[in-house]
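One letter stands for each residue in the lines below.
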Amino acid sequence: FNILLIIQKMYTERSLFGGAISCQIPSSWRDVSDIRQVPDHQEVWQDLDGAVLVVEILQRQEVGDPHAANFFFNDLAESNGITRASDLSFQPATDFS
C-alpha cells in the first residue's frame, strides 16, 4: 500500500469563497450550502456523524499575531452568547508541521 495514495483518496482539494482559497477536506464531508443557506463570509462542511468545519472570513483587527487567535475566539464566543470565560477552553495550536 502506498500511504500517500491512501491519504490522497481520503481528502479532496475544495475551493472556498468562489475559488479565492482552497484546502484539503475529507472526501466524505458535504458542503452544508447544498442543504441550507450559509452566510457569504463562511464556508461550512459537515461529516455524516455531525462534526462541522467552519471557515470564516473575519474583519482585520489591530491585534498582534501572537494574540489574534485568542481575540477572534473570544469575539466568536461573545457573538454566540458566551459571557463567562470559564465556560470555554481555548489553546491555540503552536506546531503547524
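Residues numbered from 1 in each chain as written. Predicted model: local features only at pLDDT ≥ 70, side-chain atom pairs only at ≥ 80, totals over all residues. Heavy atoms only, no water.

### Some points on the overall build of the protein chain
Piece 1. Broken down by element type, the protein chain carries two helices and five strands.
Piece 2. Going residue by residue from the N terminus, the α and β elements of the protein chain occur as α-β-β-β-β-β-α.
Piece 3. Burial statistics for the protein chain: of 97 residues in total, 14% are counted as buried.
Piece 4. Taking as baseline every contact in the protein chain between residues at least 6 positions apart, the subset at least 24 positions apart corresponds to 14%.
Piece 5. Total accessible area on the protein chain stands at roughly 8,000 Å², and carbon and sulfur atoms take up 52% of it. (Helix = DSSP H or I, 4+ residues; strand = E, 2+ residues; numbered from the N terminus. Buried < 20%, exposed > 50% of the residue type's maximum accessible area, 1.4 Å probe, protein only. Contact = heavy atoms within 4.5 Å. Areas by Shrake-Rupley, 256 points an atom, 1.4 Å probe, with all protein chains shown as cover.)

### Observations regarding the sheet that holds strand S3 (residues 30-31)
Piece 1. A sheet is described by the order of its strands in space; here three strands give the open sequence S3-S4-S5, paired in antiparallel fashion. The open sheet terminates on both sides in strands that have one partner only, identified here as S3 and strand S5 (52-56). (Pairing = 2+ DSSP bridges.)

### As for the packing of aromatic side chains
Piece 1. Counted under the stated rule, the structure contains one aromatic pair.
Piece 2. Aromatic pair Phe 71 and Phe 72: ring centres 5.2 Å apart, planes at 85 degrees, arrangement edge-to-face.
Piece 3. A relative accessible area of 22% places Phe 72 in the partly exposed class. (Phe/Tyr/Trp six-rings, centres within 6.5 Å; stacked < 30°, edge-to-face > 60°.)

### Observations concerning the confidence of the model for the protein chain
Piece 1. Averaged over every residue, the pLDDT of the protein chain is 81; residues scoring 70 or more account for 78%.
Piece 2. When pLDDT is averaged over each element of the protein chain, S3 comes out on top at 94 and helix H1 (residues 3-10) at the bottom at 66. (pLDDT = per-residue confidence, 0-100.)

### Describing the layout of surface pockets
Over the atoms, a rolled probe matching the size of one water molecule traces out where space is still vacant.
Piece 1. Within this model, the largest pocket holds a volume of roughly 170 Å³.
Piece 2. Along the walls of the largest pocket sit Glu 56, Leu 58, Phe 72, Phe 73, Asp 75, Leu 76 and Ser 79, which together make up its complete lining.
Piece 3. Among the residues forming the lining of the largest pocket, the class breakdown is four nonpolar, one polar and two charged. (1 Å grid on protein atoms, 1.4 Å probe; cavity = no way out; pocket = protein on both sides within 12 Å on 5 of 7 lines; lining within 4 Å. Points joined across faces, edges and corners; volume = space filled by probe spheres on them. Nonpolar A, V, L, I, M, F, W, Y, C, P; charged D, E, K, R; others polar.)

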